[in-house]
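Descriptive structure summary
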Amino acid sequence: MDLALSEEQEAVRRLAEDFVAREVTPHAVAWDRAEEVDRAIVKKLGAVGFLGLTIPEEYGGSGGDHLAYCLVTEELGRGDSSVRGIVSVSLGLVAKTVAAWGDEAQKREWLPRLASGEALGCFGLTEPGTGSDAGNLATRAVRDGEDFVVNGSKMFITNGTWADVVLLFARTNDTPGHKGVSAFLVPADTPGLTRRAVHGKLGLRGQATAELVLEDVRVPASAMLGPEGKGFTVAMSALAKGRMSVAAGCVGIAQAALDAAVRYAGEREQFGKPIASYQLVQELISDIAVDVDAARLLTWRVADLIDRGQDFATAASKAKLYASEAAVRAANNALQVFGGYGYIDEYPVGKLLRDARVMTLYEGTSQIQKLIIGRALTGVSAF
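Residues numbered from 1 in each chain as written. Predicted model: local features only at pLDDT ≥ 70, side-chain atom pairs only at ≥ 80, totals over all residues. Heavy atoms only, no water.

1. What to know about the nonpolar core
One finds I41, L45, F123, F169 and V337 to be the most contacted residues of the largest nonpolar core, which totals 100 residues. With 20 residues, the top contributor of residues to this core is helix α7 (residues 231–267). If near-sequence neighbours (up to four positions away) are discounted, F123 is found in contact with V89, L93, V94, I157, L167, F169, A235, A238 and L239. The next biggest cluster of nonpolar side chains, apart from the first, holds 20 residues, and it includes A141, F148, V150 and A163. (Core = buried A, V, L, I, M, F, W, Y, C linked by side-chain atoms within 4.5 Å. Buried < 20%, exposed > 50% of the residue type's maximum accessible area, 1.4 Å probe, protein only. Helix = DSSP H or I, 4+ residues; strand = E, 2+ residues; numbered from the N terminus. Contact = heavy atoms within 4.5 Å.)

2. Notes on the layout of surface pockets
As a volume, the largest pocket reaches approximately 1300 Å³. Every residue lining the largest pocket is counted, 46 residues in all, and those nearest its centre are T126, G131, Y362, E363 and G364. Taken together, the elements giving at least two residues each to the lining of the largest pocket come down to α5 (81–101), β3 (147–158), α7, α9 (313–338), α10 (349–357) and α11 (366–378). Split into classes, the residues belonging to the lining of the largest pocket amount to 22 nonpolar, 16 polar and 8 charged. The volume enclosed by the second largest pocket comes to roughly 360 Å³. Contributing to the lining of the second largest pocket are 20 residues, with T25, R78, G79, A256 and P348 lying nearest its centre. Every element with two or more residues in the lining of the second largest pocket is listed here: α2 (28–34), α4 (66–79), α7 and α10. At 5 residues, the largest contribution of residues to the lining of the second largest pocket is made by α7. Residues of the lining of the second largest pocket, tallied by class, amount to 8 nonpolar, 4 polar and 8 charged. (1 Å grid on protein atoms, 1.4 Å probe; cavity = no way out; pocket = protein on both sides within 12 Å on 5 of 7 lines; lining within 4 Å. Points joined across faces, edges and corners; volume = space filled by probe spheres on them. Nonpolar A, V, L, I, M, F, W, Y, C, P; charged D, E, K, R; others polar.)

3. Some details on the packing of helix α1 (residues 7–24) against α4
A pair of packed helices is characterised by two quantities: the angle between their axes and the separation of those axes. Running from N to C, α1 and α4 cross one another at 20°; their axes reach a closest spacing of 9 Å. It follows that α1 is roughly parallel to α4 by the angle criterion. Crossing of α1 over α4 shows right-handed handedness. Along its contact with α1, which presents Q9, V12, R13, A16, E17, F19, V20 and V24, the element α4 presents L67, A68, L71, V72, E75, L76, R78 and G79. Broken down by class, the residue content of the contact of α1 with α4 amounts to 10 nonpolar, 2 polar and 4 charged. (Axes fitted to C-alpha atoms, helices over the stretch in contact; angles between N-to-C directions. Parallel < 35°, antiparallel > 145°, perpendicular 65-115°, else oblique. Left-handed = near helix turned anticlockwise from the far one by under 90°.)

Here's what the structure looks like:
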């Protein structure tokens, strides 16, 4: 297996690196303190083609393969995970799902706008009472002539207050469990849909996270994405690819932790010499470096499997599990290198640790990933 990047992939990586250095890193601390990323970043992400990666050019996308997508996501995660989340959700969970499951009209309506940054998407799956138990949704969509009337609520929705379209999952019949769930593309300005910002988060503070409340929201039947009753399948297919995106973002966090620790260890002096000369500091740095490489290779394997058309779901769970836990370890080790200064937000490692911590929770907790991997290996469901 050739692990060298192609010229095109290397060009994409450099483009992302330059974009992050210019448009993201200088603002990351201010956005974190303000609990709000500058929304102008969305159009900039669209203009440079990052919101259209892997989407066919006939629908306004940028094309490219999934490894190029991982490279961009990693660089964005290295700069600010709140910005990475914009792309991971609007492109990774929404646009890619429309491309995979949408009819021609849905693709023509939404993909060009999502790919350009004219529109932003959010993924309406998690509810106040259903996180890991995603098949047990309480939100209901009741048929009324040519429409469905939706009532319910969603929680912790990334891009929620910014989105122009919600990929919404709701129960359309009384079949118990996931078999009664369907997916819909719901414009965010539909009457009856209200959005409430979630503030005070430990990490990803700049990300637009929201609670969605749906009260008699009328949605045309033509807005259903995929067959009726197959919404859980739609959601799980989106999350399988989404886990690759989260893993790549975690590689970016870990790489940022490594870069910061190496730089600081070379500058900071104690007992008359740089702390980089002390073996236990080198141990901390070497542990981060190994985690970075291992997480990156696991993530790249997922991209390779997708691009070759092979099954990737279990590999994606492995990558997401390892990379998210590795990002926490890397940021924590980097903070240890910084000592007391790591606890001050003028230095980068505290934010990295706060941002990393949620990665073990969303798009399937670490415990859910272990259950998925275990079921794949044994053939026995733990649910």
